[in-house]
Amino acid sequence: MNQTLFNGAHISDLIDRDKREIDQRVYNDPDIHRMEKESIFAKSWVVLGHESEIPKAGDFVTRHLGEDPVIIVRSRNGDVDCILNACAHRGATVCRTEAGNNPVFRCIYHGWVYNLDGSFRGAPYQKELFPDNCDTSELNLRTARVEVFSGIIFACWDEKAPSLEEFLGDFGWYLNAIFGRADYEVLGPPHRFTQRANWKTAAEQFAGDAYHASQLHRSLAELVPLNPNDPAHWSLMDPKVGTDEGHTAVCFSLTERIRRAAKRDPEGLTPIEKLTLMPPPGMTSDQVADMENRFNAEELDLLSRNPPSQCVIFPNAAVWSNTAPMPDGKTFGSFLSLRCYVPKGPDQFEFIMWTFVAKGSSEEFREEVRQLTSFGQGAAGFVESDDADVWPG
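Right, let's walk through the structure included here. (Residues numbered from 1 in each chain as written. Predicted model: local features only at pLDDT ≥ 70, side-chain atom pairs only at ≥ 80, totals over all residues. Heavy atoms only, no water.)

### Some thoughts on the overall build of the chain
Put simply, the test is: In this description a helix means any DSSP run of H or I spanning at least four residues, a strand means any run of E spanning at least two, and both kinds are numbered starting from the N terminus. Radius of gyration: C-alpha atoms only; globule rule: 2.2 Å multiplied by the number of residues to the exponent 0.38. In this scheme, a residue with accessible area under 20% of its type's maximum is buried, one over 50% is exposed, and one in between is partly exposed, where area comes from a 1.4 Å probe on protein chains only. Only heavy atoms enter the contact rule, under which two residues are in contact if any of them lie within 4.5 Å. Only the protein chains shown count as cover for residues, and all accessible areas are computed by the Shrake-Rupley method using a 1.4 Å probe. Residues scored as charged are limited to Lys and Arg (positive) and Asp and Glu (negative), so that His and the chain ends carry no count. Think of each charge as sitting on NZ of Lys, CZ of Arg, CG of Asp or CD of Glu.
For the chain, the helix and strand inventory stands at 12 helices and 20 strands. Relative to a compact globule of 393 residues, whose C-alpha radius of gyration would be 21 Å, the chain shows 23 Å and is just as compact. Taken over the C-alpha atoms alone, the chain extends approximately 80 × 55 × 35 Å along its principal axes. For the chain, the proportion of its 393 residues judged to be buried stands at 51%. The long-range share in the chain, meaning contacts at least 24 apart out of those at least 6 apart in sequence, stands at 58%. Surface exposure of the chain reaches about 18,600 Å², of which carbon and sulfur atoms provide 48%. The chain carries 39 positive and 58 negative side-chain charges, and their two centres are separated by 3 Å.

Laid out in structure tokens, this is it:
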């Protein structure tokens, strides 16, 4: 890949490793954005959704793999497929709705029809207009590699890229430590809004910038028992993990949160007792006991002390697993969300966020999680609206 920018500068000129500084052009230069599309989004495993969004054959959602429009669909054999949402004929959009269930996909431009796996099925006047020697296999929609990890759907265009397991590396344990605690499912369709900023701004912040929370979100101290002057209360002192593959995790202190929110001293309690006292996000107390069947004693101990809570899945996805005040300002709840920062050019991205609950949860608990998530996150949430005001383009 050519790493020279339009003005003759080399991309390495924008990074000062000694001062640990980068040039602002890293966020808004069109040439760098082009390089990112070619070297990151065309070659990496990218999060596109959750398998509970498409439980039945023919269920689909439309997303973007980088800036390429794709259809994520449950095939007739139960597999999850990712197909390019652009007709092989003239490039028109094949599927024009965000979600639904189809037996086939039909392009409205000239009526070409595709099977759920993207293979060409037929076209109007095919016998009359197509040459006798036409190889219709060449008319299939392009498909990406798909793998599912802990229910999360990943896709990759590059046939030569490492497997998803290799791509996640050691971070796979942290991701499973969150999404493997229960059988989770999405709570309705995702929140979506467009933000005037570069996608890396949001991803970088979520990679471990707890520093900003103590200032930008300082009003949280009015709702949560936080000392605005104590960095430990803002997770600045909590363990942070980074991998060679670019994934990160901040492991919040559950011990400190139990003391502050549940007003109990967790010392002397077993891991299950701690987790029952403050259940993992998306779960209720009566669902905690099953975790003993999912994790060994050492893992349970870690999850009851410093569970992975704020993570980035390279390049543009993040996980937030946290406790927060309910809208009444008195009681506490928990939320588990997965979000993607989907690039729409160098100075704009689409924010997509899914909320999760454990399968079998009561409607009352689901409604509680809905309220809590909307209260703090998404387009109307006070946390996200703070961030949206200051993220630079």
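### Comments concerning the pattern of salt bridges
The condition is simple: Any Lys or Arg side-chain nitrogen found within 4 Å of a carboxyl oxygen on Asp or Glu counts as a salt bridge.
The full count for this structure, using the stated rule, is 15 salt bridges. The residue E363 makes a salt bridge to R370 at a minimum N-O spacing of 3.0 Å. On the basis of relative accessibility, which here comes to 31%, the residue R370 falls in the partly exposed class. Across the pair E367 and R370 runs a salt bridge, and its minimum N-O distance is 3.1 Å. With E367 and R370 both in helix α11 (residues 363-376) and three residues apart, this pair spans about one turn of that helix. Each member of the salt-bridge network shares a partner with another, and the members are E98, R192 and E350.

### Examining the nonpolar core
Heads up, the rule is: The nonpolar core is taken to be a set of buried Ala, Val, Leu, Ile, Met, Phe, Trp, Tyr and Cys residues, with the residues joined through side-chain atoms within 4.5 Å.
Membership of the largest hydrophobic core comes to 43 residues, with the highest contact counts inside it found for F154, L175, F179, I313, V319 and L338. For this core, the leading source of residues is helix α5 (residues 171-179), giving six residues. In this structure V319 touches L175, I178, F179, F206, S309, Q310, C311, I313, L336, S337, L338 and R339, once residues within four positions along its chain are discounted. Ranked by size, the runner-up nonpolar core spans 35 residues in total, among them C82, A203, F252 and A324.

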